[in-house]
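Inside the fold
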Amino acid sequence: MKSCIIAGEGNLPFLLAEKNKDFIVISIKNLSISNRFKNITHNVDMLDFNKMIEIFKTHNIKKLIFAGKFYRQKVFKKKVSKDVKKIIDETKFLGDDSTLKIIKEFFEKNGFKVVSPNTLIKNDFKSNEIVFNKKTHNDQKLKYFLNTIKIGKNILDLISKFDIGQSIVARKNHILGIEGIEGTDELIKRCGKYFNKQLNENNTFGPVLIKLPKLHQTLDLDIPVIGIDTVKLAYKYNFFGIGFSQKGVLVVNENEIKSFCKSKSFYLFCIGDLEKFE
């Protein structure tokens, strides 16, 4: 069963393609850089579903892997098909997860199976694993870190029914920001700038990024991802650390991330059962 990577923005599509040279790649125009792929690659407009299906049939593709970031288009430079127009009308005021479920349904009705990138990349993080710099670690820091993660997780679980936000930035009970349409990197920058301007003092613990999938989220098309660039960006803006769900968050550059955290004063926690730390 031949597979195709639909490549959006970011490094994840390139990582998947490099590990799977026999996969066909559809590089989405203005999001992905097609000439970086060594696979057979086609450059396609994001909403040209008919062209995609034509390519799938030409290469006898049956499995689709959506990887990277995709953004809603406000302006449509080309005329779209009736099917795409219908999807646009149906999803105009829906959240991301509801929108992606409709897109997934479209491709599956046309005979293709949509699979998650996490079927190709496995995380080795253990439940409740904590990564930190032993030279700068102490119990007070760990208590602050875990308490903040618990508060952030509870809030994200509570608001997930509204189909908003996979990430939140907090300092214990102080919520600095919830991820919106801008994405995780811009959330980090926004909250980091506010923290450094308004709240940062000597011996003040920095904010914590908590990232996890929404309850009942469709992970086949929109799995939350953490990579080394995310970690380095958070560190740059004086974040204390990152907590992420063991289930439903894909970690890439895992060894590099662990090495970075151990060499810096930066905490990482793989959320399993937080009750064990009470």
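Each value, and the rule that gives it
The numbers attached to residues start from 1 for each chain and follow its sequence in the written order. For this predicted model, a pLDDT threshold of at least 70 governs which residues receive local features, and a threshold of 80 or more governs which side-chain atom pairs are given and counted, while totals over whole chains, interfaces and linings are taken from all residues. Side-chain measures were taken over the full set of non-hydrogen atoms in the model, leaving aside hydrogen atoms and water. Exposure classes here rest on a 1.4 Å probe applied to the protein chains alone. A residue is buried below 20% of its type maximum, exposed above 50%, and partly exposed in between. Put simply, DSSP marks the helices as runs of H or I at least four residues long and the strands as runs of E at least two long, and each gets a number from the N terminus on. Working definition: the arc comes from the directions between the helix axis and the C-beta atoms, pointing outward to the latter. Whether two residues are in contact is decided by their heavy atoms: any pair within 4.5 Å suffices. Interaxial angles span 0 to 180 degrees and are taken between N-to-C directions of axes, which are lines fitted to C-alpha atoms, for helices over the stretch in contact. Roughly parallel refers to an angle under 35 degrees, roughly antiparallel to one over 145, roughly perpendicular to one between 65 and 115, and oblique to any angle outside these ranges. For any helix crossing, the convention is left-handed if the near helix is rotated counterclockwise from the far helix by under a right angle, and right-handed if that rotation is clockwise. Polarity classes work like this: nonpolar for Ala, Val, Leu, Ile, Met, Phe, Trp, Tyr, Cys and Pro, charged for Asp, Glu, Lys and Arg, and polar for all others, with Gly in that last group. By definition, two strands form a pair when at least two bridges between them are found by DSSP. Values of pLDDT, ranging from 0 to 100, describe the predictor's confidence in every residue of the model. Centre distance within 6.5 Å is the pairing criterion for rings of Phe, Tyr and Trp, where only the six-membered ring of Trp is used; planes under 30 degrees apart are then read as stacked, over 60 as edge-to-face, and the remainder as tilted. A positively charged side chain is recorded as over a ring if its NZ (Lys) or CZ (Arg) lies within 6 Å of the ring centre. The angle to the ring normal must also be within 35 degrees.

Within the span of helix α8 (residues 254–263), buried status applies to E254, I257, K258, F260 and C261. Relative to the axis of α8, the buried residues are bounded by an arc of 165° and lie together on one face. What points out from α8, more than 90 degrees from its buried face, is the exposed set N255 and K262.

Relative to the helices and strands, Q166 resides in the loop between α5 (139–159) and β7 (167–171). The exposure class of Q166 is buried, given its relative accessible area of 9%. Residues in contact with Q166, not counting those within four places in the same chain, are L156, E179, I210, K211, L212, K214, Q217, D222 and P224.

Put simply, helix α3 (residues 82–91) and helix α4 (residues 96–109) touch, their axes get as near as 10 Å, and they point 160° apart. The pairing of α3 with α4 is recorded here as roughly antiparallel in orientation. Our pair here, α3 against α4, has a crossing hand that is right-handed. Across the interface between the two elements, D83, I87, E90 and T91 from α3 touch T99, I102, I103 and F106 from α4. When the residues that make up the contact of α3 with α4 are grouped by side-chain class, the tally is 4 nonpolar, 2 polar and 2 charged.

Further remarks concern the pairing of strand β13 (residues 267–271). With 5 of 5 residues buried, β13 is to be regarded as a mostly interior element. Neither face of β13 is exposed, since Y267, F269 and I271 on one face and L268 and C270 on the opposite face are all buried. Here strand β6 (residues 130–131) pairs with β13 via 2 bridges, running antiparallel. Directly across from I130, in β13, lies its bridge partner F269. Bridge count between strand β11 (residues 241–245) and β13: 5 bridges; the pairing is parallel. Along β13, the bridge assignment pairs G243 with F269.

The next point concerns the confidence of the model for the protein chain. Residue-level pLDDT values for the protein chain average 87, and 95% of them are 70 or greater. When pLDDT is averaged over each helix and strand of the protein chain, the minimum, 78, is found for α3 and the maximum, 97, for strand β9 (residues 208–211).

Per the counting criterion, the structure on display carries 18 aromatic pairs. Measuring from ring centre to ring centre gives 5.3 Å for F49 and F106, while their planes differ by 35°; the resulting arrangement is tilted. Highlighted residues: F49 in helix α2 (residues 49–58) and F106 in helix α4, separated in sequence by 57 residues. When its relative accessible area of 11% is taken as the criterion, F106 is described as buried. Plain terms: the ring middles of F240 and Y267 are 4.9 Å apart, the flat faces sit at 15° to each other, and that makes the pair stacked. Placement of F240 in the loop between α7 (228–236) and β11 and of Y267 in strand β13 is noted, with a sequence separation of 27 residues between them. Side by side, F240 and Y267 carry an identical accessibility label, which is buried. Members of the aromatic cluster, each reached through a chain of ring pairs, are F49, F56, F66, F70, F106, F107 and F112. Above the face of the F14 ring, R36 is positioned so that its terminal group lies 3.7 Å from the ring centre. Just above the ring of F125 sits the side chain of K258; from NZ or CZ to the centre is 4.5 Å.

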